[in-house]
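What follows is each chain in one-letter form.
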Amino acid sequence: MTGPLLRVEGLSRVYGTGSARTVALRGATLEVGAGELVVVRGPSGSGKTTLLTLAAGLDDPDEGAVWVDGAKITGATETEGARLRREVVGFVDQEFALVPFLTAAENIELPLRASRLAARERRARTREMVDAVGLSDHSAQRPEEMSGGQQQRVAVARALVHRPRVLLADEPTAQLDSTTASSVISLLAEHVRRHGTAALVASHDTSVAERADRVIEIHDGRLRG
């Protein structure tokens with residue numbers, strides 16, 4: 001594919017009606033190419049999470065559309081949307097969204113379960129990601145036995161383990177101390193370059209922005225830059 005791996009065109013999203021009406025996103029348009037790390041920066045409530053949620057096909061916009069790796073995810077059938085998120089998109093949820101009864105390693109391996117990879121390769125990739133996020137001593141623990149920072153690292157590893165074409169990450173370092181955050185940022189940047197991933201990351205963290213190829217500001221649902 002020669003075009004952008006992620007294309008967002010004219011996205012708008014409104015929640016509620018009447019006096020409770022909130023415009024979360026206003027005509028957002030952007031493109032992210034292979035091997036590019038783009039950071040979206042803005043205050044809380046500015047529309048960052050809405051942008052990522054729509055880009056992942058987890059919600060439908062009121063206007064506009066999203067394409068990932070050439071496939072239109074907006075308006076896709078439930079089956080096709082699930083396939084794209086399983087095979088093409090890696091998503092780091094701000095709330096982690098880990099499966100509570102699975103261990104850290106099992107949560108990380110989860111995206112590979114639906115793939116055609118042999119069990120040995122699945123285990124090898126899982127071990128690689130467990131080590132990469134510094135959780136070798138915690139791989140057998142379940143989410144309730146882990147700190148918020150450890151859970152966040154599991155979420156990052158899970159999003160990367162299947163080597164997605166498009167990575168969407170919502171505040172991936174918010175729960176991490178500066179040292180751990182730096183290592184996670186390096187991991188994300190290295191993954192983007194090594195695998196030619198198109199990454200869109202929402203973050204308040206200035207150290208994340210420093211590693212970006214581009215930084216886009218968002219205010220009141222409008223992208224700038």
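This text goes with the structure placed above it.
Now for a quick tour of the structure. (Residues numbered from 1 in each chain as written. Predicted model: local features only at pLDDT ≥ 70, side-chain atom pairs only at ≥ 80, totals over all residues. Heavy atoms only, no water.)

### Examining the sheet that holds strand β5 (residues 71–72)
Step number 1: Strands sit in the order β2-β1-β4-β5 across an open sheet of 4 strands; the sheet is antiparallel. One side of each edge strand has no neighbouring strand; the edge strands of this open sheet are β2 (22–32) and β5.
Step number 2: Sheet analysis places strand β1 (residues 6–15) next to β2, joined by 7 bridges and oriented antiparallel. Residue leucine 11 lies in a different strand from β2, and its bridge partner there is alanine 28. (Pairing = 2+ DSSP bridges. Helix = DSSP H or I, 4+ residues; strand = E, 2+ residues; numbered from the N terminus.)

### Side note on the nonpolar core
Step number 1: Membership of the largest hydrophobic core comes to 34 residues, with the highest contact counts inside it found for Val92, Ile108, Met129, Val154, Val156, Leu160 and Leu167.
Step number 2: Counting residues per element, the ones that place at least two in this core are β3 (36–41), α3 (104–113), α4 (119–132), α5 (148–160), β7 (166–170), α6 (178–195) and β8 (198–202).
Step number 3: Per element, the largest residue contribution to this core is 7 residues, and it comes from α6.
Step number 4: Not counting residues up to four positions away in its chain, the partners in contact with isoleucine 108 are Thr126, Met129, Val130, Val154, Ala157, Arg158 and Val161.
Step number 5: Formed by 28 residues, the second largest nonpolar core is a distinct cluster that contains Val38, Val40, Leu52 and Val88. (Core = buried A, V, L, I, M, F, W, Y, C linked by side-chain atoms within 4.5 Å. Buried < 20%, exposed > 50% of the residue type's maximum accessible area, 1.4 Å probe, protein only. Contact = heavy atoms within 4.5 Å.)

### Some thoughts on the packing of α5 against α6
Step number 1: Orientation of α5 relative to α6, taken along the N-to-C sense of each, is 5°, at an axis distance of 12 Å. Judged on the interaxial angle alone, α6 and α5 are roughly parallel. Taking contact as the criterion, the partners of Arg153, Val156 and Leu160 in α5 are, on α6, Thr180, Val184, Leu187, Leu188 and His191.
Step number 2: Looking at side-chain class alone, the contact of α5 with α6 contains 5 nonpolar, 2 polar and 1 charged residues. (Axes fitted to C-alpha atoms, helices over the stretch in contact; angles between N-to-C directions. Parallel < 35°, antiparallel > 145°, perpendicular 65-115°, else oblique. Nonpolar A, V, L, I, M, F, W, Y, C, P; charged D, E, K, R; others polar.)

### Brief notes about a positive patch on the surface
Step number 1: A cluster of basic residues, Arg21, Arg26, Arg222 and Arg224, forms a positive patch at the surface.
Step number 2: Mapping arginine 21 onto the fold places it in the loop between β1 and β2. (Patch = residues over 30% accessible without salt bridge, like charges linked within 9 Å, V, L, I, M, F, W, Y side chains within 5 Å. Areas by Shrake-Rupley, 256 points an atom, 1.4 Å probe, with all protein chains shown as cover. Salt bridge = Lys/Arg side-chain N within 4 Å of Asp/Glu carboxyl O. Lys, Arg positive; Asp, Glu negative; His and termini not counted. Charge placed at Lys NZ, Arg CZ, Asp CG, Glu CD.)

### A closer look at the sheet that holds β3
Working definition: the strands of a sheet are paired by backbone hydrogen bonds and lie parallel or antiparallel to each other.
Step number 1: Taken in spatial order, the 6 strands make up an open sheet running β6-β7-β8-β3-β9-β10, and their pairing is mixed. Lying at the two open borders of the sheet, with one neighbouring strand each, are β6 (89–92) and β10 (222–224). Taking the axes of each pair of neighbouring strands and ignoring which way they run, one obtains an average angle of 20° across the sheet.
Step number 2: Two elements, β3 and strand β9 (residues 214–219), share 4 bridges in a ladder whose sense is parallel. Bridge pairing in β9 places valine 40 opposite isoleucine 216.

### As for the pattern of salt bridges
Step number 1: For the coordinates displayed, the defined rule picks out 15 salt bridges.
Step number 2: With a shortest N-O distance of 3.3 Å, arginine 122 and glutamate 109 are connected by a salt bridge. In this pair, arginine 122 is assigned in helix α4 and glutamate 109 in helix α3, connecting sequence segments 13 residues apart.
Step number 3: In this structure, a network of salt bridges that share partners links the residues Glu80, Arg83, Arg86 and Glu87.

### Quick look at the packing of α3 against α5
When two helices pack together, their arrangement is given by the angle between their axes and by how far apart the axes lie.
Step number 1: Their axes nearest at 7 Å, the elements α3 and α5 cross at an angle of 25°. Relative to α5, α3 is oriented roughly parallel. The hand of the α3/α5 crossing is right-handed. On α5, the residues that touch Ala104, Asn107, Ile108 and Pro111 of α3 are Val154, Ala157 and Arg158.
Step number 2: For the contact of α3 with α5, a count of residues per class yields 5 nonpolar, 1 polar and 1 charged. (Left-handed = near helix turned anticlockwise from the far one by under 90°.)

Read these as layout, nothing more, since geometry by itself doesn't imply function.
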